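This is what each chain is made of:
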Amino acid sequence: MRIGILGTGGMAAALGGAWSAAGHDVVIGGRNQGRAEQTAGRIGAAGHGSLAGAAAHGDAVLLAVPAAEAPHLVGGLAGKLSGRTVIDCTNPVVPTSDGLMLDTGGVTSLARQLAAAVPDAHVVKAFNLCHASIWTLRPPAFEGVPLAVPYCADDAEAAAATETLISSIGCTPAPCGGLARAAYLEATAALAIGLWWAGQQPRTAFPSLAETPV
Ligand SMILES: NC(=O)c1ccc[n+]([C@@H]2O[C@H](COP(=O)([O-])OP(=O)(O)OC[C@H]3O[C@@H](n4cnc5c(N)ncnc54)[C@H](OP(=O)(O)O)[C@@H]3O)[C@@H](O)[C@H]2O)c1
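Below, the structure is looked at part by part.

Conventions used here
- Residues numbered from 1 in each chain as written.
- Predicted model: local features only at pLDDT ≥ 70, side-chain atom pairs only at ≥ 80, totals over all residues.
- Heavy atoms only, no water.
- Salt bridge = Lys/Arg side-chain N within 4 Å of Asp/Glu carboxyl O.
- Helix = DSSP H or I, 4+ residues; strand = E, 2+ residues; numbered from the N terminus.
- Buried < 20%, exposed > 50% of the residue type's maximum accessible area, 1.4 Å probe, protein only.
- Expected span 1.5 Å × (residues − 1).
- Contact = heavy atoms within 4.5 Å.
- Pairing = 2+ DSSP bridges.
- Axes fitted to C-alpha atoms, helices over the stretch in contact; angles between N-to-C directions.

Turning our attention to the pattern of salt bridges. In this structure the tally under the stated criterion is four salt bridges. Among the salt bridges present, the one from D88 reaches K125, with a minimum N-O distance of 2.8 Å. With D88 in strand 5 (residues 85–88) and K125 in strand 8 (residues 122–126), this pair connects stretches of sequence that are 37 residues apart. Among the residues examined, D88 registers a relative accessible area of 0% and is labelled buried. Where R203 meets E143, a salt bridge forms, and the shortest distance between an N and an O atom there is 3.8 Å. With R203 in the segment after helix 8 (182–197) and E143 in the loop between strand 9 (141–142) and strand 10 (145–146), the pair connects residues that are 60 residues apart, well separated along the chain.

Here we come to helix 1 (residues 10–21). For helix 1, with twelve residues, the first-to-last C-alpha span of 16 Å sits near the 16 Å given by 1.5 Å per residue. Most of helix 1 is tucked away, with ten of its twelve residues classed as buried. Every buried residue of helix 1 is accounted for by M11, A12, A13, A14, L15, G16, G17, A18, W19 and S20. Where helix 1 is buried, its residues touch strand 1 (2–6), strand 2 (25–29), helix 2 (33–43), strand 4 (60–63) and helix 7 (156–167).

Right, let's talk about the sheet that holds strand 5 for a bit. Spatially, the eight strands line up as an open sheet ordered 3-2-1-4-5-8-11-12, and their pairing is mixed. Among the strands making up the open sheet, the edge pair consists of strand 3 (47–49) and strand 12 (172–175). Averaged over all neighbouring strand pairs, the angle between strand axes comes to 25°, with direction disregarded. Where strand 1 meets strand 4, four bridges bridge the pair, whose relative direction is parallel. By the bridge assignment for strand 4, I3 is matched with A60. Where helix 2 meets the sheet, its contacts fall on strand 2 and strand 3, and the angle it forms with strand 3 comes to roughly 165°. Strand contacts of helix 8: strand 5, strand 8 and strand 11 (148–153), with the helix running at about 140° to strand 11, the strand carrying the most contacts.

Laid out in structure tokens, this is it:
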């Protein structure tokens, strides 16, 4: 699949590296061409370019910039993103005296803000629940079980593209409903990050009923 990545930092490198290793055609786009070239070279991406160039390249476009910058950025690229799958991995979290809190600008989720900024694109919330380093595992699996990647999408083709991006790096897609439910993925990230910072292992808090003795 052709994948454009907006951003040259930790998530761009980690997911871009995983997708490149899986054989996808990845272009890293940045506002700083030196950093875009450096990141693309480091992860073995097919190419690098401007933000607009990466947006125009991708059948799927990963948005890997700070949440506070994301709506304005995609709004400016709305023409290029029209008809494309836009994968939103951002976490709109801010540290406060009450701990890590969500700041979604008065909308239920950052993903909904993005969808409003690019109404002709297909926004999907995904890849926001793990630290960037997890995507450098080949494959990401724990105790022999592939990592599940929850995602929220409204559009069926965008959901199918997201499932390809997830399964091609050895993970298991976990569909969680439409974009209206992206708020739950964002809130889950805020909760999980707070637990990690407190030295806890959030994944041990979610055993399924199937794990209880009958
Ligand atoms: N890191 C994680 O473990 C992790 C996990 C899950 C989700 N996320 C989410 O993923 C997103 C990216 O995180 P990251 O860790 O990759 O951040 P990062 O390493 O700080 O990289 C951020 C990237 O965004 C670019 N950027 C910042 N403002 C921009 C703007 N206005 N226009 C265009 N590009 C801009 C930066 O470009 P310059 O280099 O030019 O400044 C840089 O390439 C965030 O929303 C974060 O919440 C991160």
